[in-house]
Amino acid sequence: MKTLDFKRLRLIIILFTLGFSLLPLLVLGLTVKQRFSSAYQNALQGSLRTLVDSKRNAIDLFLTERLAQLSTLAGALTYEEATDPENLGRLFSQLQTTSRYYIDLGVIGMDGAHLAYAGPYQLGEMNYKNEEWFAKVVAKGVHVSDVFMGFRQYPHIIIAVLRREGNKSWIMRATIDSDIFESFVKRVQMGRKGDAFLVNEHLVLQTKPRFGGNIMEDMELPFRTEARFPGTRVQDLVVNHRHYLYAWTWLENKDWMLVIREDPEDELRPLFEAEYLIWWLLAGGVAVIIAGTVLVTNTMVRRLEHAEREKASLDANLTQSGKMAALGKMAAGVAHEINNPLAIIREQAGWIKDLMEEPEVQAIPQYKEIADSVHRIEHHVERAKNVTHRMLGFARRMEPVMQEVDVNKLLAETVQFLKTEALLRNIDIRMSLADPMPATHSDSNQLQQVFLNLIDNAIDAIGKNGELTLTTRYDASHNEIAAVFTDTGCGIPPDKLDKIFDPFFTTKKPGEGTGLGLSISFGIIEKLGGHINVTSTVGQGTTFTVIIPAS
Amino acid sequence: MEKARILVVDDEKDFNETVVKRLNRRGYQALTALSGPEALGILIQREFDVALLDIMMPGMDGIEVLREMKKRHPSMEVILLTGHASVESGVQGMSMGANAYLLKPVDFEELLAAITQAHERKLLGAVDA
């Protein structure tokens, strides 16, 4: 019979189960992580974009306000009023109350010389004719400069408006401390490595960044800056093996670009924590699934193995029973066919014997030879008869005569039959009988035949000098009685062990055994509702265990 | 006690005749019948104490013969002989009034003992009646 390879089966089941359960789990885990991460990044980028937009608007508003203030002021003043230093001084102090970032205020003629000046510096003698901003304001009427040091050696910007008053023109110029922009952008710096700064169109810094540069120095940016574009750009960039979130946008009223660099480490911490959590959960899930799969598979395979083993033993029993039935029929037929000629032979020999009582016959010289020959014929007919009768006994499907049987007593009685034989061969028969022993509802004669067979076999197996131990046991949990026959005989090799219950299987010499004893015993015990087990080790002995139900 | 009159019914001629020769040699009045009908025919003409009856016979088998014998000659004892240990037929035969059931090849002394026992029973039956 083909037996399943349970190790392989176990492996296959485990692998398949793990494959089918882990794959969706991993896909789910990775998808969740991906989705979560991208959603979080989007949220982060969105908030950065909002921040940049609001800061840009604030700076734009600031510049627009200052320009409007200055334009209004210039438009409201006549040349005379504007060039009056006292008047200008008063206006300047008023301006400073609205915004303290005004450093000074000047009115400059078209020749580049101060017409009036209000402020903390002594700049009255300065001439701006050759300054870049001067040319621009003359050309465009309005100008906001980049940050520069100028004559004061202090970073500032200039806002200038051109006032045309009839045929007269003059310029009103206000200086604004560029710290204002620092204060705008400083507030947005985020994270340990975050930064925010303004650059002009030539990438010259207009505010001092936290890292890598100073005001009015060239700034290197990790992204390509093209011409002006509307709106805000946000990008995740790697600088020095570190992820940063960059957002940049152009101001509306000035060719400056606001750049905010966010260090996402702090912002992303919840994301990382969530990721760790996902990994841990995943690992935990995988561990639980593996453990569960292995456990379930082991249990399942063990059950399967058990069932398979039971089935195999059942099959073996059925095969044995079938074999018995078929052989029983054949044995009965053969026995019958042989019994009739045997009967005739016996009667012929008997007739010869009868005739040999006649005096004439007794006078024949060969009388003794003939008598001897007839005697041998009778002897061997008897021998053949024993064989056929045992065959019939084997074939007989007689319903057992059931009665209460004391197995201990029966065994002790049976031993008596063979005691002399055992004594002659120096075989020590030891009895270890269970007490109390419940009775069994069985056929005492048949049971005795089985015991006799087993003891007889054991004595033959030992030959000379040995031990035969007879043990009876009562198993209350199964309500079974066991009679165990252990001999110290020659043992049965494993390849013959499964054949010993087959009819006509014998290890004895021809004429000494019919090979029917054990198969008859097997049939009897089966009919009595029990079974016979055998274990054997070559050279050490054999143990037969007869198990029958107790009543 | 007078020696029993025995009818041996068996289709095996060699067996039948030899048994009859041996019985006659021992002073019994034995006769052969090779089939059931022949035996029943003989029984119409003569009375026997004991019949040895083989169960397995072609044509009318031993059980049928037994039934007829018991019907017609209830006082005659019948010993069943068979080469087949068919328990059913044995039990059936005994329940139908057979005296004994012997398995071939039977030991002659055993057979004689069975005959004697059957004969005694027949005589006892006759006394009771």
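This structure is a prediction, so every number in the text was calculated from the model and none was measured.

1. Side note on the sheet that holds strand β11 (residues 427-432) of chain A
Residue and element names in this part refer to chain A.
Phase 1 of the analysis: Taken in spatial order, the five strands make up an open sheet running β11-β13-β14-β16-β15, and their pairing is mixed. Two strands bound the open sheet, and with one partner strand each, they are β11 and β15 (531-537). In this sheet, adjacent strand axes meet at a mean angle of 15° when their direction is disregarded.
Phase 2 of the analysis: The pairing of strand β13 (residues 466-475) with strand β14 (residues 480-487) spans eight bridges and is antiparallel. Bridge pairing in β14 places T469 opposite T486.
Phase 3 of the analysis: Across the sheet, helix α10 (residues 444-462) is in contact with β11, β13, β14 and β16 (541-549); its angle to β14 comes to roughly 20°.
Phase 4 of the analysis: The sheet contacts of helix α12 (residues 517-527) involve β15 and β16, and relative to β15 the element is tilted by about 140°.

2. Some words on the pairing of strand β8 (residues 242-250) of chain A
Note on strand geometry: in a regular strand, side chains alternate between the two faces of the sheet.
Residue and element names in this part refer to chain A.
Phase 1 of the analysis: Bridge analysis of strand β7 (residues 232-239) against β8 gives eight bridges, and the strand direction is antiparallel. The residue bridging L237 from the neighbouring strand is Y244, located in β8.
Phase 2 of the analysis: From the end of β7 to the start of β8, which pair antiparallel, there are two residues, and N240 there has a positive phi angle of about 50°.
Phase 3 of the analysis: Here β8 runs beside strand β9 (residues 256-262); their pairing, made up of six bridges, is antiparallel. Among the inter-strand pairings, W248 is bridged to a residue of β9, identified as V259.
Phase 4 of the analysis: Taking the residues that link successive antiparallel strands as the turn, the β8-β9 hairpin has five residues.

3. Regarding the interface of chain B and chain A
Much of the literature gives interface size as the accessible area that the parts lose upon coming together.
Phase 1 of the analysis: Of the residues lining the interface, 17 residues belong to chain B; the matching set on chain A comes to 19 residues.
Phase 2 of the analysis: Per-element accounting of the side of chain B that touches chain A gives the leading share, seven residues, to helix α1 (residues 13-25) of chain B.
Phase 3 of the analysis: Partitioning the side of chain B that touches chain A into residue classes produces eight nonpolar, three polar and six charged.

4. Some words on the environment of K368 of chain A
Residues and elements named next belong to chain A.
Phase 1 of the analysis: Locating K368 in the fold gives a position in helix α8 (residues 367-395).
Phase 2 of the analysis: Since 10 C-beta atoms lie within 10 Å of it, K368 is described here as exposed.
Phase 3 of the analysis: Along the primary structure K368 and M356 are separated by 12 residues, whereas in three dimensions their C-alpha atoms are 9.9 Å apart.

5. Side note on the packing of helix α9 (residues 407-424) of chain A against α10 of chain A
Residue and element names in this part refer to chain A.
Phase 1 of the analysis: Where α9 contacts α10, the axes come no closer than 9 Å and their chain directions differ by 35°. You can see that α9 and α10 cross each other, and the crossing is right-handed. Residues L410, L411, T414, V415, F417, L418, E421 and A422 of α9 pack against S444, L447, Q448, F451, L452, I455, D456 and I459 of α10.
Phase 2 of the analysis: Taken together, the residues of the contact of α9 with α10 sort by class into 11 nonpolar, three polar and two charged.

Rules of the game
Per chain, the residues get numbers from 1 upward, laid out in the order the sequence is written. Chains carry letters from A onward and ligands carry numbers from 1 onward, assigned in written order. It should be noted that, the model being predicted, local features are given only for residues of pLDDT at least 70 and side-chain atom pairs only at 80 or more, the latter also being counted only at that level, while totals for whole chains, interfaces and linings use all residues. Here, a strand pair is defined by DSSP locating no fewer than two bridges between the strands. Where helices and strands are cited, they refer to DSSP runs of H or I of at least four residues and of E of at least two residues respectively, numbered from the N terminus. Comment: axis = line fitted to C-alpha atoms, over the contacting stretch for helices; angle = value between 0 and 180 degrees taken between N-to-C directions. The contact rule is simple: place each C-beta atom from the backbone, and if two of them lie within 7 Å, those residues are in contact. Residues are grouped as follows: Ala, Val, Leu, Ile, Met, Phe, Trp, Tyr, Cys and Pro are nonpolar; Asp, Glu, Lys and Arg are charged; all remaining types, including Gly, are polar. Exposed residues have 12 or fewer other C-beta atoms within 10 Å of their own C-beta, buried residues have 20 or more, and residues in between are partly exposed; the C-beta atoms are placed from the backbone. Crossing handedness is read from the near helix: turned anticlockwise from the far helix by less than a right angle, it gives a left-handed crossing, and turned clockwise, a right-handed one.

Taken by themselves, the reported measurements are silent on function.
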